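Each chain is listed here by its residues.
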Amino acid sequence: MGDYLRLLTADAHDVPLAALQRAVPFGAVWSVDHPGMLGNYLAIGPEAEDLHHVWATVERNPVGPNTLGAEEVAEFIDSLEAGGPPSASRWLGEYMEGVREIYAIRLYAEAIRRRPEALDAVHAVRSALRDEVGGIGQWDGQGFTNEDDHLVWISASTALKGTVDAALLDESTGLWIPFDLDLDDPRARAAFLRGELPEPGRSAPED
């Protein structure tokens, strides 16, 4: 997993800070730049306002002309050539043309190692953001998920491991075919990169 987890969304509405705070089972979520409001920069940690033990930060970057967000989207589109499947690369390229906001979650690995359960708090915030604005996920240099949060694209050199919820796009129908992808199996990984469904594991297309 890279240092950043991102959500790329076409929904630019303001997310209530309280919705993210309620999602965290322990610890705190607070706005660094605008206390009491969502702002553009949040911190996740054991106690509010404790900037010395932060587990992660969340930065909201708008995507528009001459913005950092637009530069990031352009870089992500360029990176699609370094992985697959090809159908997902095409879908992601088109999807990202409509992205209006990027939520970048930066992980502080040393702080999380001291409190391994902190990762649950970070993922709870990510899930709450997805519930509010939808979008697709991105892991630094590793992969992308679709709007159902299934892994749909990986870098040829990804370090992702384990069995994950994945999906392949049937471009003739526009439907995603979900399945379990064993990233520790070189044959399954290679088939996925080519756009082929590894065997076994075929299931019905999603509606």
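In short, a report on the structure. Per chain, residue numbering runs from 1 following the sequence as it is written. Local features in this predicted model are restricted to residues of pLDDT 70 or higher, and side-chain atom pairs are both shown and tallied only at a pLDDT of 80 or more, whereas totals for entire chains, interfaces and linings draw on every residue. Water and hydrogen atoms play no part in the side-chain values, which are based on all heavy atoms of the structure.

**Notes on helix 3 (residues 86-96)**
- The element helix 3 is extensively covered by neighbouring structure, given that 8 of its 11 residues are classed as buried.
- Listed in full, the buried residues belonging to helix 3 are Ser 87, Ala 88, Ser 89, Trp 91, Leu 92, Gly 93, Tyr 95 and Met 96. Any residue under 20% of the maximum accessible area for its type is buried, any over 50% is exposed, and the rest in between are partly exposed; the area is computed with a 1.4 Å probe on protein chains only. Each helix corresponds to a stretch of at least 4 residues labelled H or I by DSSP, and each strand to a stretch of at least 2 residues labelled E; elements are numbered beginning at the N terminus.

**Considerations on the packing of aromatic side chains**
- Each aromatic pair joins two rings of Phe, Tyr and Trp (for Trp, the six-membered one) with centres within 6.5 Å, and gets the label stacked for planes under 30 degrees apart, edge-to-face for over 60, and tilted for any other angle. Per the stated rule, a full pass over the model turns up 6 aromatic pairs.
- Note on Phe 26 and Trp 55: the rings are 5.8 Å apart at their centroids and 65° apart in plane angle, and the pair reads as edge-to-face. Of the two residues, Phe 26 sits in the loop between helix 1 (17-23) and strand 2 (28-31) while Trp 55 sits in the loop between strand 3 (41-45) and strand 4 (56-62), which places them 29 residues apart along the sequence.
- Overall, Phe 26 belongs to the partly exposed group, its relative accessible area being 25%.
- Joined through ring pairs, the aromatic side chains of Phe 76, Phe 144 and Trp 153 make up one cluster.

**So, the pattern of salt bridges**
- Take a side-chain nitrogen of Lys or Arg and a carboxyl oxygen of Asp or Glu: if they are within 4 Å of each other, that pair is a salt bridge. Applying the stated criterion to the full structure yields 12 salt bridges.
- The partner of Arg 114 in a salt bridge is Glu 110, with the nearest N and O atoms 4.0 Å apart. Of this pair, Arg 114 and Glu 110 both sit in helix 4 (residues 109-114), 4 residues apart, which is roughly one turn of that helix.
- Among the salt bridges present, the one from Asp 149 reaches Arg 130, with a minimum N-O distance of 3.9 Å. Of the two residues, Asp 149 sits in the loop between strand 8 (143-145) and strand 9 (151-155) while Arg 130 sits in helix 5 (residues 118-133), which places them 19 residues apart along the sequence.

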